Amino acid sequence: MSGIQRFFQAILPKKLAADLEAESRRWMIRCSQCGYERSYWDVGGIRWKAAGNPRLYRRCPQCGRRSWHRVYYRDGPIS
């Protein structure tokens, strides 16, 4: 867990902290080169009450290439 995640988990009431984590886990980041995806929460970020689908330029942990990664909200069940 990143420092910013620990900070918000500590200051928010437990119900809001759980909502923040659950929603952040539904936001996914997908590599445009190999298709590898992971949740925004797993990379140390928080996306809570957010809108839009930004792109991030970063290195993919699977293929190792730097490319644009699409951020999107997953509506279905999380596996």
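See the structure shown above.
Here we summarise the structure given alongside this text. Bear in mind the structure is a predicted one, so any value in this text is a computation, not a measurement.

## Remarks on the packing of aromatic side chains
Then, number 1: Applying the stated criterion across every chain, the model contains three aromatic pairs.
Then, number 2: Relative to F8, the ring of F7 lies with its centre 5.3 Å away and its plane at 75°, an arrangement referred to as edge-to-face.
Then, number 3: Given a relative accessible area of 46%, F7 falls into the partly exposed group.
Then, number 4: Under the relative-accessibility criterion, F8 is labelled partly exposed at 28%.
Then, number 5: Both rings, one in W27 and one in Y73, keep their centres 5.3 Å apart while their planes meet at 65°; by these two values the pair is edge-to-face. Of this pair, W27 sits in strand β1 (residues 27-31) while Y73 sits in strand β4 (residues 66-73), placing them 46 residues apart in sequence.
Then, number 6: Lying across the ring of W27, R47 places its NZ or CZ 4.1 Å from the centre.

Quick notes on the rules
- Residues numbered from 1 in each chain as written.
- Predicted model: local features only at pLDDT ≥ 70, side-chain atom pairs only at ≥ 80, totals over all residues.
- Heavy atoms only, no water.
- Phe/Tyr/Trp six-rings, centres within 6.5 Å; stacked < 30°, edge-to-face > 60°.
- Buried < 20%, exposed > 50% of the residue type's maximum accessible area, 1.4 Å probe, protein only.
- Helix = DSSP H or I, 4+ residues; strand = E, 2+ residues; numbered from the N terminus.
- Lys NZ or Arg CZ within 6 Å of the ring centre and 35° of its normal.

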